[in-house]
Amino acid sequence: MRWEALFADLESQYEAAARLADDDAVAELAEAEMASVRLTDRLRARTGDRLSLRLRSGADLSGRLVDAAPQWLLMASGERRTLVPLEAIALAWPLGAAAPRTGRVEQRLRITHALRALAHEGARVRVACAGASYAGWLSRVGADHVDLRTDGPEPGRPEAGAVVTISLAAIETVSTT
């Protein structure tokens, strides 16, 4: 009888240790999974839904999330479409779980691809930077900057037809008008 009790006790200790090890492994896997989630994955999960953003300048932007790529979001508010570099986002709400990872092609879509498409289309845009915005047409998209041909005189702004070069790092939004 004593041996049976000893074996039963050892077996229950082993089962408790195995459950604890399994719990620890699950917790570690869950933490590792969460650590790999990118903001863009959580944003992409909201595609088609209303989303609110606060940009690094403090400006707020709300609308329907049309598309999301690793470097940018496309928001819609009525007829206006606004391209937002991911780096310009300070806060986003409401967010939930992450969408599955994108394919290789989508992961390679950079903001310059979207800006070049706007330039080729000849779309009139408004480029917002911290504290200022410029309207006109994108005439060139470089690796880290864009050239914008301005369309109208505004106080303290370049004259119509002037080309201004804007660093991609300074851009908060690019809206079609």
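Everything that follows concerns the structure shown earlier in this document.
The structure reproduced in this document is the subject of the present report. (Residues numbered from 1 in each chain as written. Predicted model: local features only at pLDDT ≥ 70, side-chain atom pairs only at ≥ 80, totals over all residues. Heavy atoms only, no water.)

**What about the sheet that holds strand 5 (residues 89–93)?**
And then number 1: Taken together, ten strands build an open sheet; the order of strands is 5-1-2-3-4-10-6-7-8-9 and the sheet is antiparallel. Two strands in the sheet have a free side with no partner beyond their single neighbour: strand 5 and strand 9 (163–167). Ignoring strand direction, the axes of neighbouring strands in this sheet form an average angle of 40 degrees.
And then number 2: Pairing analysis gives five bridges linking strand 7 (residues 132–141) to strand 8 (residues 145–150), with the strands arranged antiparallel. Residue Gly-136 lies in a different strand from strand 8, and its bridge partner there is Thr-150.
And then number 3: Running at roughly 85 degrees to strand 7, helix 4 (residues 111–121) makes contact with strand 3 (72–77), strand 4 (80–85), strand 6 (124–129), strand 7, strand 8 and strand 10 (171–176) of the sheet. (Pairing = 2+ DSSP bridges. Helix = DSSP H or I, 4+ residues; strand = E, 2+ residues; numbered from the N terminus. Axes fitted to C-alpha atoms, helices over the stretch in contact; angles between N-to-C directions. Contact = heavy atoms within 4.5 Å.)

**Observations regarding the environment of Ser-167**
And then number 1: Checked against the element boundaries, Ser-167 lands in strand 9.
And then number 2: Residues Ser-167 and Val-146, 21 residues apart in the sequence, show an inter-C-alpha distance of 6.6 Å.
And then number 3: In contact with Ser-167, other than residues within four places in its own chain, are Asp-144 and His-145.

**Some details on the pattern of salt bridges**
And then number 1: The final tally for this structure, using the stated rule, is five salt bridges.
And then number 2: A salt bridge links Arg-46 to Asp-49, with the nearest nitrogen and oxygen atoms 3.8 Å apart.
And then number 3: Across the salt bridge formed by Arg-56 and Glu-172, the nearest N and O atoms sit 3.7 Å from each other. Note that Arg-56 is positioned in the loop between strand 1 (50–55) and strand 2 (60–68) and Glu-172 in strand 10, a separation of 116 residues in sequence.
And then number 4: Look at Arg-56 and you get partly exposed, because its relative accessible area is 40%. (Salt bridge = Lys/Arg side-chain N within 4 Å of Asp/Glu carboxyl O. Buried < 20%, exposed > 50% of the residue type's maximum accessible area, 1.4 Å probe, protein only.)

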